[in-house]
Amino acid sequence: MHAPAGSCGRLEVITGPMFSGKSEELMRRVRRARIAGVEALVISHSLDTRAELSAVTSHIGVTVPAVPVGDVASLAEAARAEDVDLVAIDEAQFFGPDLVPAVEKLLSRGIDVIVEGLCVTFDGDPFEPLPTFMALAEDVTKLTAVCTVCGRDAVFHERIAAAPAGSATDIDASHIGGLDSYVARCREHFGHGTATEP
Ligand code: ADP
Ligand code: MG
């Protein structure tokens, strides 16, 4: 729905660990908004090489077309270039803390924003900027995955592939991967590495 003239946009956050269904939920909301006549721009980060660049893709292969951008400036440019009501951002953690003022600018222009991304690193630490967005949002949906050891709610994910150099918060390709590189873990089984795989 169009924001009334002069009013600010609304911020929604979708977050959780890997495999929690964040991208699926983002795509569901975008499809729903478009049925209501909302002009939605879907943004993906060009660092995400898991699927074709011009789409957001879930782990089960559902996709929605997206504009791939490499940094916050290009994201702002893409949003300026089109007359949109809603900007939906996949894998927002790749954009780093500079994404916060850029999103605030969109909101101040009356554009609704959905920020979707990881709130936790594969080391189990808070992963900015999602925790900041969670504090600032009108609505936060925090999803859990399924622990692949015991089936309980997983709020963490951890690497099972060899870790590259660098920390868990480096904005680089070390955060890209799927079932071959990462597993979802509950609190009890997080940090046990591959030894606890069934
Ligand atoms: P995210 O964007 O949060 O990484 P996706 O939306 O891409 O998640 O994918 C979620 C889908 O991944 C689920 O619907 C399910 O089919 C699949 N999946 C694979 N492994 C798991 C797991 N351990 N827990 C939950 N879902 C999983
Ligand atoms: Mg995803």
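Read on for a plain summary of the structure. (Residues numbered from 1 in each chain as written. Chains lettered and ligands numbered in written order. Predicted model: local features only at pLDDT ≥ 70, side-chain atom pairs only at ≥ 80, totals over all residues. Heavy atoms only, no water.)

## What about the site of ligand 1?
We count it as follows: When we say a residue is near a molecule or strand, we mean one of its heavy atoms is within 4 Å of it. Polar contact is defined as a pair of N or O atoms within 3.5 Å, subject to the rule that within protein one atom must be able to donate a hydrogen and the other to accept it, and that residues adjacent in sequence are counted only when both atoms are side-chain atoms. Computed with a 1.4 Å probe, the accessible areas rest on the Shrake-Rupley method; for each residue, only the protein chains presented here act as cover. In this description a helix means any DSSP run of H or I spanning at least four residues, a strand means any run of E spanning at least two, and both kinds are numbered starting from the N terminus.
Taken together, 16 residues surround ligand 1, and among them Phe 19, Lys 22, Glu 24, His 59 and Val 146 come closest. Within the backbone of Ser 23, a nitrogen or oxygen atom sits 3.0 Å from an oxygen atom of ligand 1. Between ligand 1 and His 59 there is a distance of 2.7 Å, counted from an oxygen atom to a backbone nitrogen or oxygen. Out of a free accessible area of 580 Å², ligand 1 has 79% covered by protein chains. Looking at the shell around ligand 1, the elements that each hand over two or more residues are helix H1 (22–35) and strand E9 (145–146). With three residues, H1 is the largest single contributor of residues to the shell around ligand 1.

## Observations regarding the packing of helix H2 (residues 72–81) against helix H3 (residues 99–108)
Rules: Each axis is a line fitted through C-alpha atoms, and for a helix only the stretch in contact is used; angles between axes span 0 to 180 degrees, taken between their N-to-C directions. Throughout, the term roughly parallel applies to angles under 35 degrees, roughly antiparallel to angles over 145, roughly perpendicular to angles from 65 to 115, and oblique to all others. Helix crossings are classified by the rotation of the near helix relative to the far one: an anticlockwise turn of less than a right angle makes the crossing left-handed, while a clockwise turn makes it right-handed. Residue contacts are counted whenever heavy atoms from the two residues lie within 4.5 Å of one another.
Direction vectors running N to C along H2 and H3 enclose 10°, while the axes themselves pass 10 Å from each other. Looking at the two axes, H2 sits roughly parallel to H3. Of the two possible hands of crossing, H2 and H3 adopt the one that is right-handed. Contacts between H2 and H3 involve Val 72, Leu 75 and Ala 79 from the first element and Leu 99, Ala 102 and Leu 106 from the second.

## Structural notes on the packing of aromatic side chains
Short version of the rule: Only Phe, Tyr and Trp rings take part, Trp by its six-membered ring, and two of them pair if their centres are within 6.5 Å. Stacked means planes under 30 degrees apart, edge-to-face means over 60, and tilted covers everything else. Working definition: with a 1.4 Å probe on protein chains only, accessible area under 20% of the residue-type maximum means buried, over 50% means exposed, and in between means partly exposed. For a lysine, the NZ atom is tested; for an arginine, the CZ atom; a charge sits over a ring if that atom is within 6 Å of the ring centre and within 35 degrees of the ring normal.
In this structure the tally under the stated criterion is two aromatic pairs. Relative to Tyr 182, the ring of Phe 122 has its centre 6.1 Å away and its plane inclined at 45°; by these criteria the two rings are tilted. A residue pair is termed long-range when its members are at least 10 positions apart, and Phe 122 in the loop between strand E7 (112–118) and helix H4 (130–136) and Tyr 182 in strand E12 (residues 182–185) qualify at 60 residues. Taking the relative accessible area as the measure of exposure, Phe 122 reaches 10% and is therefore buried. With relative accessibility at 1%, the residue Tyr 182 sits in the buried group. Ring plane angle 25° and centroid distance 4.5 Å describe the contact between Phe 156 and Phe 190, whose orientation is recorded as stacked. With Phe 156 in strand E11 (residues 156–159) and Phe 190 in the segment after E12, this residue pair connects regions lying 34 residues apart in the sequence. For the pair shown, Phe 156 and Phe 190 are each scored as buried. The side chain of Arg 159 reaches across the aromatic face of Phe 122, ending 5.6 Å from its centre.

## Some details on the environment of Gly 9
Locating Gly 9 in the fold gives a position in the segment before strand E1 (11–16). A sequence separation of 95 residues divides Gly 9 from Glu 104, and the C-alpha atoms of the two residues are 9.0 Å apart. Leaving out residues up to four positions away in the same chain, Gly 9 has contacts with Leu 107, Gly 110, Ile 111 and Asp 112.

## Observations concerning the side chain of Ser 20
Mapping Ser 20 onto the fold places it in the loop between E1 and H1. There is a polar contact of 2.7 Å between the side chain of Ser 20 and the backbone oxygen of Pro 17. Among residues more than four places away in sequence, those in contact with Ser 20 are Leu 143, Thr 144 and Ala 145.

## As for unusual backbone geometry
The bulk of non-glycine residues show a negative phi, and the bulk of peptide bonds are trans. Pro 129 follows Glu 128 through a cis peptide bond whose omega is 10°. Tracing the sequence through the fold places Pro 129 in the loop between E7 and H4. Positive phi values are uncommon outside glycine, yet Phe 19 reaches one of about 70°. When you line up the elements, Phe 19 lands in the loop between E1 and H1. The backbone of Glu 91 sits at a positive phi, close to 50°, despite the residue not being glycine.

## Overview of the sheet that holds strand E8 (residues 139–142)
To keep things clear, this is the line we draw: Pairing between strands requires that DSSP locate at least two bridges from one strand to the other.
If you walk across this open sheet you meet the six strands as E5-E2-E6-E7-E1-E8, and the pairing is parallel. This sheet does not close on itself; its edge strands, each paired only once, are strand E5 (67–69) and E8. Strand-to-strand twist of the sheet, defined as the mean angle between neighbouring strand axes without regard to direction, takes the value 20°. Sheet topology note: the strand E2 (residues 40–45)/strand E6 (residues 86–89) ladder contains four bridges and is parallel. Pairing of Ala 40 across the sheet is with Leu 86, part of E6. Most of the contacts of H3 go to E7, to which it runs at about 155°, and overall it touches E1, E6 and E7.

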